[in-house]
Each structure stands twice: as structure tokens, then as C-alpha cells.
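Here is how the chains run, residue by residue.
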Amino acid sequence: MCSSLLTQRMSAHIDAAGEVLLERKGCAGVITMNRPKHLNALTLSMIRQIYPQLKKWEQDPETFLIIIKGSGGKAFCAGGDIKAISEAKKAKQNLSQDFFREEYILNNAIASCQKPYVALIDGITMGGGVGVSVHGRFRVATERSLFAMPETGIGLFPDVGGGYFLPRLQGKLGYFLALTGFRLKGRDMHTAGIATHFVDSEKLHMLEEDLLSLKSPSEENIADVLEAYHAESMMDRGKSFILEEHMDKINRYFKRELNYICSFGKVINRMSPTSLKITLRQLMEGSSKTLQEVLTMEYRLTQACMGGHDFHEGVRAVLIDKDQSPKWKPADLKEVTDEDLNRYFKSLGSNDLKF
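Residues numbered from 1 in each chain as written. Predicted model: local features only at pLDDT ≥ 70, side-chain atom pairs only at ≥ 80, totals over all residues. Heavy atoms only, no water.

- By the naming in an unreviewed UniProt entry, the protein is 3-hydroxyisobutyryl-CoA hydrolase, taken from Nannospalax galili.
- Its UniProt record gives the protein a comment under Subcellular location (unreviewed entry), which states: "Mitochondrion".
- Annotation of the protein in UniProt includes, under Sequence similarities (unreviewed entry), the sentence "Belongs to the enoyl-CoA hydratase/isomerase family." (UniProt positions renumbered as here; feature names shortened; annotations may be inferred.)

### Some points on the confidence of the model for the protein
Phase 1 of the analysis: With 93% of its residues at a pLDDT of at least 70, the protein reaches an overall mean of 92.
Phase 2 of the analysis: Note on residues 5-16: pLDDT under 50 across the span, and one contact to partners over four residues away in sequence or across chains. (pLDDT = per-residue confidence, 0-100. Contact = heavy atoms within 4.5 Å.)

### Concerning the packing of helix α9 (residues 204-212) against helix α10 (residues 219-233)
Phase 1 of the analysis: As a packed pair, α9 and α10 sit with axes 10 Å apart at the nearest point and diverge in direction by 160°. Taken as axis vectors, α9 and α10 run roughly antiparallel relative to one another. Seen from above, α9 lies across α10 with right-handed handedness. Contacts from Met206, Leu207, Asp210 and Leu211 in α9 reach Ile222, Val225, Leu226 and Tyr229 in α10.
Phase 2 of the analysis: Residues of the contact of α9 with α10, tallied by class, amount to seven nonpolar, no polar and one charged. (Axes fitted to C-alpha atoms, helices over the stretch in contact; angles between N-to-C directions. Helix = DSSP H or I, 4+ residues; strand = E, 2+ residues; numbered from the N terminus. Parallel < 35°, antiparallel > 145°, perpendicular 65-115°, else oblique. Left-handed = near helix turned anticlockwise from the far one by under 90°. Nonpolar A, V, L, I, M, F, W, Y, C, P; charged D, E, K, R; others polar.)

### Let's talk about the pattern of salt bridges
Phase 1 of the analysis: Counted by the stated rule, this structure contains 17 salt bridges.
Phase 2 of the analysis: The closest approach of N and O atoms between Glu23 and Lys25, which form a salt bridge, is 4.0 Å.
Phase 3 of the analysis: Its relative accessible area of 31% is what places Glu23 among the partly exposed residues.
Phase 4 of the analysis: Of the charged contacts, one joins Arg48 and Glu102 as a salt bridge, the two residues approaching to 2.8 Å between their closest N and O atoms. On the criterion of sequence distance, the pair formed by Arg48 in helix α2 (residues 44-59) and Glu102 in helix α4 (residues 95-111) is long-range, its members being 54 residues apart.
Phase 5 of the analysis: Each of Glu313, Arg316, Asp321 and Asp323 takes part in one network of salt bridges that share partners. (Salt bridge = Lys/Arg side-chain N within 4 Å of Asp/Glu carboxyl O. Buried < 20%, exposed > 50% of the residue type's maximum accessible area, 1.4 Å probe, protein only.)

### Remarks on the pairing of strand β2 (residues 28-33)
Phase 1 of the analysis: Buried residues dominate β2, accounting for six of its six residues.
Phase 2 of the analysis: Every second residue of β2 is oriented toward a common face, with Ala28, Val30 and Thr32 on one face and Gly29, Ile31 and Met33 on the other, all of them buried.
Phase 3 of the analysis: Bridge analysis of strand β1 (residues 20-25) against β2 gives six bridges, and the strand direction is antiparallel. Its bridge partner lying in β2, Glu23 is registered against Val30.
Phase 4 of the analysis: Between β1 and β2, which follow one another and run antiparallel, lie two residues, and Gly26 among them has a positive phi close to 55°.
Phase 5 of the analysis: Relative to strand β3 (residues 65-70), β2 is paired through six bridges, and the arrangement is parallel. Each bridged residue has a counterpart across the sheet, and for Val30 the counterpart in β3 is Ile67.
Phase 6 of the analysis: Following the chain from β2 across α2 to the adjacent parallel β3, one finds a crossover that is right-handed. (Pairing = 2+ DSSP bridges. Right-handed = clockwise from strand over helix to strand, strands pointing away.)

### Re the side chain of Asp200
Phase 1 of the analysis: One can find Asp200 in the loop between β10 (197-198) and α9.
Phase 2 of the analysis: When near neighbours in sequence (up to four residues on either side) are disregarded, Asp200 contacts Glu143, Arg187 and Ser233.

### Digging into unusual backbone geometry
A negative phi holds for most residues other than glycine; trans holds for most peptide bonds.
Phase 1 of the analysis: Residue Pro330 follows Lys329 across a cis peptide bond; omega there is -5°.
Phase 2 of the analysis: With respect to the element layout, Pro330 can be found in the loop between α16 (310-320) and α17 (338-345).
Phase 3 of the analysis: For Leu39, which is not glycine, the phi dihedral falls at a positive 55°.
Phase 4 of the analysis: Looking at the secondary structure, you find Leu39 in the loop between β2 and α2.
Phase 5 of the analysis: Residue Leu39 is classed as partly exposed on the basis of its relative accessible area, which comes to 27%.

### Concerning the nonpolar core
The nonpolar side chains of a soluble globular protein tend to be buried with one another.
Phase 1 of the analysis: Core analysis: the largest hydrophobic core is formed by 80 residues, its most contacted members being Val132, Phe147, Leu173, Leu177, Leu184, Ile194 and Phe254.
Phase 2 of the analysis: Sort the elements by how many residues they give to this core and helix α15 (residues 291-306) lands first, with eight residues.
Phase 3 of the analysis: Setting aside residues up to four positions removed in sequence, Leu173 forms contacts with Ala192, Phe241, Leu243, Met247, Ile250 and Asn251.
Phase 4 of the analysis: Within the second largest apolar cluster, 19 residues are counted, among which are Ala28, Val140, Val199 and Leu211. (Core = buried A, V, L, I, M, F, W, Y, C linked by side-chain atoms within 4.5 Å.)

### Quick word on the layout of surface pockets
Phase 1 of the analysis: One number sums up the size of the largest pocket: a volume of about 1,200 Å³.
Phase 2 of the analysis: Around the largest pocket, the lining is made up of 37 residues, and of these Ile82, Pro150, Ile154, Val318 and Leu319 lie nearest the centre.
Phase 3 of the analysis: For the lining of the largest pocket, the secondary structure elements donating two or more residues are α3 (82-90), α4, β6 (124-126) and α16.
Phase 4 of the analysis: With three residues, α4 is the single largest residue contributor to the lining of the largest pocket.
Phase 5 of the analysis: Class assignment of the residues belonging to the lining of the largest pocket gives a composition of 19 nonpolar, nine polar and nine charged. (1 Å grid on protein atoms, 1.4 Å probe; cavity = no way out; pocket = protein on both sides within 12 Å on 5 of 7 lines; lining within 4 Å. Points joined across faces, edges and corners; volume = space filled by probe spheres on them.)

### Notes on a positive patch on the surface
Phase 1 of the analysis: Together, Lys249, Arg252, Lys255 and Arg256 line one region of the surface with positive charge.
Phase 2 of the analysis: Residue Lys255 is classed as exposed on the basis of its relative accessible area of 65%. (Patch = residues over 30% accessible without salt bridge, like charges linked within 9 Å, V, L, I, M, F, W, Y side chains within 5 Å. Areas by Shrake-Rupley, 256 points an atom, 1.4 Å probe, with all protein chains shown as cover. Lys, Arg positive; Asp, Glu negative; His and termini not counted. Charge placed at Lys NZ, Arg CZ, Asp CG, Glu CD.)

### A few points about the sheet that holds strand β7 (residues 138-141)
Phase 1 of the analysis: Taken in spatial order, the six strands of this open sheet run β1-β2-β3-β5-β7-β10, and their pairing is mixed. Each edge of the sheet is formed by a strand with only one pairing partner; in this case those strands are β1 and β10.
Phase 2 of the analysis: Relative to the sheet, α2 contacts β1, β2, β3 and β5 (117-121), its axis offset from that of β1 by approximately 20°.

Following this line, the structure appears as C-alpha cells:
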């Protein structure tokens, strides 16, 4: 009876704790995304709590680093809560404007953060979860980590600065990941450059404790701790990069026109033709833009996608009805004209994203 009452109290406490926990521990500010039943999917209310706290810790002389992690053991953060965004848009609410604007401002704040930022990307890390990790100074993957940018399969595009970091990966790897939604696991995330370090998940808690117990650490001190754990975890490394034998082919194919790229495999042909064309242009333009310029471009793209057909159809097919059979419009790449594409990239004038 006592243990049952205790369990009830504990679960009530967890419910009350909220979607995100913001704590000062040792020398660090610790952000814990706390929606384990929803794979820690990012909501607007979480973004609105994380951003001001990040800014406070950045200015606080007693905070020497910022750690971000997910609760529940299964996911770091599986993305933004896009189902809620689609439903709000259909109900003519402004969530899609506010969500993407504030999410991208947070992504930029992470990239320019003056304090060392350590993302413990243990578990599923997709979409919005990539946005709150990949722009930070340190990203620690484990064998449980799973990275993907699967947005072309739901009528969107790899946002949260995907147009910035993806074309900067080795060769044409970023183009491949963006267009196919291909998944990378822990060690491969490190090889690809998405993670800066790899640590065995069983050592992650110990790593966090060691970081928290540092006394007034410099960035170099933090890097030394991460490097020590990384070196220990990589000692038994046997396997080569999962895409190693395909990289020559990827580099050849993904230099070309989309019609040619689509002969690469069946996976691409299941994606939204509009999303594929948007994504290819997004990465090509993003390869020579700053992160802020990319996020401004991506904000324009999200607002155009919200007003189109494919995003809502993709959410329906993948997340609501789960029939995995979206009916894209247009259904063929040839039907997506340059004129159509230009509309997605058009300035929003006074509604453009501002930093």
C-alpha cells in the first residue's frame, strides 16, 4: 500500500515537473526535455522556457557550461510536435508562425552561445532534436543514438538549419541524408560529423557527473573530459562507416539533377516531389550562406509549406491515419515547376524572420 502511494506521489510530481526541466547543477545549467511518452518532441512552450534560460545562463558568471539531454532513455528529442502544428494551421491558428520563428531563434542562440554547450544525444534525435543539438559546440552520441532528417517523407524539408549543416558534411553525404531521410546510428553519427564525440551509454551518467563537478572549467577542460570518455569508448571500434562503400556513388549521383538522383533508389521516389525540389535548392543555396541567412530562408519555406497540400497530407499519412500512403500533389517531379519553387523561396517582407 505504502509503495503504491509513493508511486502515485512520484508520478504526480513528475507530471507537475513540466515538459522541460531547467536546473543549476554544479558548474552547469542543465536542460532536460521531459516528454518521454512523446519521445521528448519539442513544443512551443518548451522553446519558450529554454530560450530565456539559455540567455540567462550565458550571462551568469557562475554558469560555466550548458548541458541539454532528454528523459526516458529512448529519445533525446524526436523532433518538433508537427502534428500539433498541422492541426493548428487547419484551425487557422498562428502556431506555425510562432513555433518556427521561435524555434529558429533558439537554434541560432545555441550556435552563438558564449558558454560551452554540450548536447547528450542519447537515443532518437530527429528534426527539432537535431536543431537543439547540432549547432552546439559539443554533441555526444552513444550506441543508442539514431539520427535522421526524415522531413521529405512528410511534405516538409530538413529545417532547423539543415540547409547550413548538411551541405557542409563530407562530400555529398548531407544531400543524401536530406533527400532520403536515411538513418545513422551512434558511431556513424560521429564519423559523419553530426556528433563530435562517441561515448558508451552506460558511461553517460558518469560523464555528466564529471562535467558537473569541474571547478570553473574552461572550454578546454570540458573538451579534455569529453575526449577521455570518447577515447575509452572508441577503443573497441571495429566497424567502418555504414555508408563507406557507397560514398563514391553518393558523391557522383548527388552532384546531379534530381531526375538522375531519383534513379539512386526506391526510397526517394516515395518522398514528396515538391519537398525534394525544395530541399535540393535549400542545400545548394545554404552551402554559401551564414546560419542566420539559412534560417531566414527556411522560415520562408515553412510558411509556404504550411499553406500547401503536401505537409498536411504527409502528417495525415505518417502520424494520424498511419497508412504510410501519402497522395502528393503534384505527384511527379516534372510537374513541380521553377515558378512553383520560386514561390516557396519568396521573401515574406515585414514577416520575415528577424534575429
